[in-house]
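# Observations on chain architecture
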Amino acid sequence: MSDTTLGVLLLGFAGLGPDQDHQRSMYEPAFEAHPGFEIVDGDLDDPAVDVVSICVEPDRRADAAIAALQAGKHVLADKPLALTAADAAKVAAVAAETGKVCLPAHHQRFHPMIAAARGAVAGGKVGLPWNVQADFLVAGGTPSPAGELANFAVYPLDVVLALTGLRVRRVYARLTTHWNDGGADDLALLFLTHENGLTSTISVGRTRELADTRPAGLAVHRYRVSGSHGVLDIDASRPAVVLRRGEASSYTTSSGPDGRPRGRLPGWHGPSTVDRLLDELHAAVTAGRPSSPSAADAVHIAEIVDAARTSAASGQPVDLQEGSR
Amino acid sequence: MARHSVIDDTRPLGVVIVGAGFIADHHGAALRASARARLAGIVDVDAGRASAAATAAGGVPWTTDLAEALGRADVDAAIVCTPNVTHEPIALQVAAAGKHLLMEKPLTITVPSARAVADAFDAAGTVVMAAHTHRFYDYARAVNDAIAGGAVGRPVFARFALLGGWIWPDWRAWVLDPAKSGGHALHNGVHLLDLVTWWLRDEPTVVYARGRAQTAAELRIYDYLEMHVEYAGGADAVCEMSRGHRPSTLDRRDVLVAGTDGVLQLPAEGWGSTVVTESGTSLLHPQAANGFAVQLDAFLDAVADPAAERAMTQADGVRAVALGVATELSIERGEPVTLDEVMQGVLA
Ligand SMILES: NC(=O)c1ccc[n+]([C@@H]2O[C@H](COP(=O)([O-])OP(=O)(O)OC[C@H]3O[C@@H](n4cnc5c(N)ncnc54)[C@H](O)[C@@H]3O)[C@@H](O)[C@H]2O)c1
C-alpha cells in the first residue's frame, strides 16, 4: 500500500432512523486506527481534505456526495448511497464525470469467508454458478424505521452480486413484519433472476433479540453457491472461536453486521470488514482507479431494492430494464 | 365379554402391495415388522416382478389382476406403489372395493382427481392416506416437536432443502417422464411442500416457483426446484428439491425455521457424521427409526379408529397435490399462482 496520508472529512452523523450513526460507531474509529488516513477539521474547500466520509441523512446523501465529488473530493458513502435508484444514478454519473472514487460502504463483501469465496468462484472451483441461496438474519438492535429491505438488504445483495458477477434482470419479493412493533418490514425475501439464467434467493431481516446472539449481531449469515461442478457453502458466522460460558450466551466471536465485534467478547483476530473497506478506499484513491464496489454497483442495488418494493406491493415479479443506466 | 367379532377385529390387517418396485420393498419390510398387519399378496402388471416379489416375501399369493386381489375376503387394505399416473384409477378401484388405502405420494397428479379420490373414500367410509413419508422421519419430527413445544414461538419463515444424488439413480426412469410422474414438483416437491406446511401449521395461499433442467438440456422435468410458499397467517417457506447438484455424492438436508421467539436450524453439515475416505467425503446418517414402519402404524391407527385425529388427513394429501400443481404452473408462467386457482375456488 502507498504510504500517502489522505485527509478525511467526516460529514454528517445520521442514518436510517434516529439511532443510526455509522460515522461515530464505525467510520470514525476505523479511520483513526487505519494507517494512511488522518481525520481533519475542515470543509469541502479545504485542500487538506482528500476524502469525505458521508453519513448525512439518507434523503440528502446523494446531493452531499455530488457536492463533494464536484469539489474534487473522493467519497466514502454510508449505505444506502441514496433512497432511490434515480438518485443513486445521479451520484454515479458525477463520479464517472469527475473520475473521483465514490465507494459505497458495502463492506460485507470484504468478510474473510466471502472474500475467499469470491476467489474460489472466480477460480472455477464450482464451475459455472447457477444458483445462490443467502440468509442474513440479524437478532436484536434497533429496528430500522425505513424497514430492513432499505437497511440491511444492501449487504447480502452486494455479496451475491460480488460472488456471481451477474446483474439482476427480474425481482420477486415478499416483505413482512413479524418482530417490529413499529410496522416497518423486518423480513424481506428476494427471489432474483440474473443474467445467464442464474437465480438467487435472499432472506434478510431482523428478528427479536436472542440470548445466544449478541445484540444486533448476525444470528444466521450464510451463502450457498451452486455451480455446474460443485457447491460452495459459506458460513459467514465463521471464522470464529466458539465459546461455552457460565452465562446464557454461547455466541461465537465473529463480528456484527457493522463489521465490529460486539459486547465484551473479542472479535476474530485481524482487520474487520470496515478496515478492509478502508484498505480498498486508500488503494483506489492512490492508484487513481475506480473502487470496487463502485457507485454503479450501488445504483444496481438501489434498482433491485426499488423493484423489490414494487413487486412486494403488487405480488408480481418485476423486470429490470435491459442495460439500465 | 368376548364377542365373535373381536377375534375378527384383532387379526392382523390383510394388506396387498400393488406395484412391486423400489419403494414396495420398504413397505414390505414395515409390514413384516408389524404385529398389526400382514402382507396378504402382491399385485403387479408385470407377472415376473409380482411373482419374484411374492417368492421373496415367503410365497404370498400374487396376481396381475388388481380386482382379483381386492375381491379376497382376507384383504382389507392396499399399499399402492405404482407410477404416479396410475394412482387415480387404482385408488378409485380400491375405494369401490371397500378397502383402505395407503397411497404412495402423490395422491394423484391433478387436483380434480385428488378430490375425486378423497370423495370416493369418504363415501365408502374407508381410509385413504397419502404416504408423505418425511413426516414420519426422526429429523422431521424433531423439528416438529421443537415447534410444537414453542421453541421458536410462532414460526414465520422456514427454509428446507433436500439436495442429493440419491434422489433418483436411473436417469431413464418413468420419474423423468412428466406424463407418468406429473413432473418433479408432484413427484418429489410434494414431500417438502407437505412437510413445511405441517411444520408451519398454516394454510398455503400462493406459490412462486422456479425450475431448472440443470443436468442436461434434454430433461423434460426440472431436476432443480425452488418453491416459495406464502401462508394465510403471513408465514413464508422456501423449499429446494434437487437432483441437479454436483457432485452426485452430495447429500444435504438443511432446515431453518425462524419464529417470533427464536431461530431453529438443522444445519446441513450437522445432522450426520462426516466420513473422509480415499474416494471422497460422504455423510454417515445417524441411526433412525424406520419411517415406513412409523407411517404404517399411523395408517393402521386411522383404520382402527377412523374417527380419531389422523397423522395425515385426506385434505393433507389433496393439499400437497394442489401445491405441486401450483408449482408446475408457476414455473410455466414465471409468475405466482394462488392455491385458490388450482383448487378451483373450493378450499378443502
Ligand atoms: N415415500 C417415498 O419416500 C417414495 C420414494 C420413492 C418412490 N415413491 C413413490 O412410490 C411409487 C412407486 O415408485 P417406485 O420408485 O417404487 O417405482 P418402480 O418403477 O420401482 O416400481 C413401480 C412398479 O409398479 C408396477 N406397475 C406399473 N403400473 C402398474 C399398475 N397399473 N398396476 C400394478 N403395478 C403397476 C411396475 O411394474 C413396477 O414394478 C411412486 O408413486 C413414487 O412416487 C415414494
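An unreviewed UniProt entry annotates chain B as Gfo/Idh/MocA family oxidoreductase of Jiangella ureilytica.

By the naming in an unreviewed UniProt entry, chain A goes by Gfo/Idh/MocA family oxidoreductase and is assigned to Jiangella ureilytica.

Residue and element names in this part refer to chain B. One pass over the full model with this rule turns up one cavity of 30 Å³ or more. The computed volume of the largest cavity comes to approximately 40 Å³. Leu 107, Val 128, Met 129, Ala 130, Thr 313, Gln 314 and Gly 317 are the residues that line the largest cavity. Of all the secondary structure elements, the ones that give two or more residues to the lining of the largest cavity are β6 (128–131) and α11 (314–333).

This part is about the UniProt feature "domain: Gfo/Idh/MocA-like oxidoreductase N-terminal" (unreviewed entry) in chain A. Taken from the UniProt record, the annotation "domain: Gfo/Idh/MocA-like oxidoreductase N-terminal" (unreviewed entry) applies to residues 40–105 of chain A. Helix makes up 41% of residues 40–105 of chain A and strand 17%, with an end-to-end C-alpha separation of 20 Å.

Time to look at unusual backbone geometry. Between Lys 79 of chain A and the following residue, Pro 80 of chain A, the backbone shows a cis peptide bond with an omega angle of -5°. Within the element layout of this structure, Pro 80 of chain A appears in the loop between β4 (74–77) and α3 (85–98). Each neighbour pair has its own omega, and for Lys 105 of chain B with Pro 106 of chain B the value is -10°, a cis peptide bond. Checked against the element boundaries, Pro 106 of chain B lands in the loop between β5 (100–104) and α6 (111–124). One non-glycine residue, Ala 216 of chain A, adopts positive backbone phi at about 65°. Along the chain, Ala 216 of chain A falls in the loop between β9 (199–207) and β10 (217–227). Positive phi outside glycine occurs at Arg 201 of chain B, with the angle close to 55°. As for its placement among the helices and strands, Arg 201 of chain B is situated in the loop between α9 (184–200) and β8 (204–212). On the accessibility criterion, Arg 201 of chain B (43% relative accessible area) is partly exposed.

Further remarks concern the nonpolar core. Within the largest apolar cluster, 74 residues are counted, with the highest numbers of intra-cluster contacts made by Leu 101, Leu 107, Phe 160, Trp 199 and Val 342 of chain B. Composition of this core by domain shows at least three residues from each of domain 1 (4–132) and domain 2 (135–288 + 321–342) of chain B. With 60 residues, the next largest nonpolar core counts Val 51, Phe 136, Ala 153 and Ile 202 of chain A among its residues.

This part takes up the sheet that holds β8 of chain B. Residues and elements named next belong to chain B. The seven strands are arranged β12-β11-β7-β10-β9-β8-β15 in an open sheet whose pairing can be described as mixed. Of all strands in the sheet, those with a lone pairing partner are β12 (263–266) and β15 (337–338), marking the two edges. Of the pairings in the sheet, the one linking β8 to strand β9 (residues 224–231) comprises eight bridges and is antiparallel in character. Directly across from Arg 212, in β9, lies its bridge partner Tyr 224. Of the strands in this sheet, β8, β9 and β15 touch α11, which is tilted by about 50° from β8.

All names here are of chain B. Where helix α7 (residues 138–148) meets α9, the closest approach of the two axes is 9 Å, and the angle between their N-to-C directions is 20°. Between α7 and α9, the crossing angle belongs to the class labelled roughly parallel. Every residue of α9 that contacts α7 at Tyr 139, Ala 140, Arg 141, Val 143, Asn 144 and Ile 147 is listed here: Leu 195, Trp 198 and Trp 199. The residue inventory of the contact of α7 with α9, partitioned by class, reads seven nonpolar, one polar and one charged.

UniProt records the feature "domain: GFO/IDH/MocA-like oxidoreductase" (unreviewed entry) for residues 115–232 of chain A in the present numbering. In the segment residues 115–232 of chain A, helix accounts for 19% and strand for 43%; the C-alpha atoms at its two ends are 13 Å apart.

With that settled, the discussion passes to helix α8 (residues 295–314) of chain A. In this model, α8 of chain A (20 residues) spans 29 Å end to end at C-alpha, consistent with the 28 Å of a helix rising 1.5 Å per residue. All of the buried residues in α8 of chain A are Ala 295, Ala 298, Val 299, His 300, Ile 301, Ala 302, Glu 303, Ile 304, Val 305, Ala 307, Ala 308 and Ser 311 of chain A.

Below, the discussion takes up the environment of Gln 344 of chain B. All names here are of chain B. Among the secondary structure elements, Gln 344 is positioned in the segment after α12 (339–342). A residue is classified by how much of its surface remains accessible, and Gln 344, at 52% relative accessible area, is exposed. Through-space distance from the C-alpha of Gln 344 to that of Val 111 is 8.7 Å; in sequence the pair is 233 residues apart.

Another point: the domain arrangement of chain A. Residue and element names in this part refer to chain A. Domain boundaries in chain A define domain 1 (6–106 + 275–293) and domain 2 (112–269 + 307–311). Computed from C-alpha atoms alone, the centre-to-centre distance between domain 1 and domain 2 is 24 Å. Of the residues lining the interface, 12 residues belong to domain 1; the matching set on domain 2 comes to 12 residues. Summing both sides of the interface, domain 1 and domain 2 together bury roughly 1,000 Å²; the carbon and sulfur share of this comes to 59%. The largest share of the area that domain 1 buries against domain 2 comes from Leu 16, Lys 79 and His 106, three residues that together contribute 45% of it. Linking domain 1 with domain 2 are zero salt bridges. There are four residue pairs in polar contact (both at pLDDT 80 or more) connecting domain 1 and domain 2.

Attention now moves to the interface of chain A and chain B. At the junction of the two partners, chain A supplies 39 residues and chain B supplies 38 residues. Summing both partners gives a buried area of about 3,000 Å² for chain A against chain B, and 52% of it is carried by carbon and sulfur. Summed over the shared surface of chain A and chain B, the result is seven salt bridges. The closest approach of N and O atoms between Arg 174 of chain A and Glu 230 of chain B, which form a salt bridge, is 3.1 Å. Between chain A and chain B we count 23 residue pairs in polar contact (both at pLDDT 80 or more) in total. Secondary structure elements with two or more residues in the side of chain A that touches chain B: β6 (129–139), β7 (168–176), β8 (187–194), β9, β10 and β11 (230–235) of chain A. Element by element, the count of residues in the side of chain A that touches chain B is highest for β6 of chain A, at six residues. Looking at the side of chain A that touches chain B residue by residue, the class counts come to 14 nonpolar, 17 polar and eight charged.

Cut-offs applied
- Residues numbered from 1 in each chain as written.
- Chains lettered and ligands numbered in written order.
- Predicted model: local features only at pLDDT ≥ 70, side-chain atom pairs only at ≥ 80, totals over all residues.
- Heavy atoms only, no water.
- 1 Å grid on protein atoms, 1.4 Å probe; cavity = no way out; pocket = protein on both sides within 12 Å on 5 of 7 lines; lining within 4 Å.
- Points joined across faces, edges and corners; volume = space filled by probe spheres on them.
- Helix = DSSP H or I, 4+ residues; strand = E, 2+ residues; numbered from the N terminus.
- UniProt positions renumbered as here; feature names shortened; annotations may be inferred.
- Buried < 20%, exposed > 50% of the residue type's maximum accessible area, 1.4 Å probe, protein only.
- Core = buried A, V, L, I, M, F, W, Y, C linked by side-chain atoms within 4.5 Å.
- Domains from an automatic or database assignment.
- Pairing = 2+ DSSP bridges.
- Contact = heavy atoms within 4.5 Å.
- Axes fitted to C-alpha atoms, helices over the stretch in contact; angles between N-to-C directions.
- Parallel < 35°, antiparallel > 145°, perpendicular 65-115°, else oblique.
- Nonpolar A, V, L, I, M, F, W, Y, C, P; charged D, E, K, R; others polar.
- Expected span 1.5 Å × (residues − 1).
- Buried area = accessible area lost by both parts, 1.4 Å probe.
- Salt bridge = Lys/Arg side-chain N within 4 Å of Asp/Glu carboxyl O.
- Polar contact = N/O pair within 3.5 Å; in protein donor to acceptor, adjacent residues only side chain to side chain.

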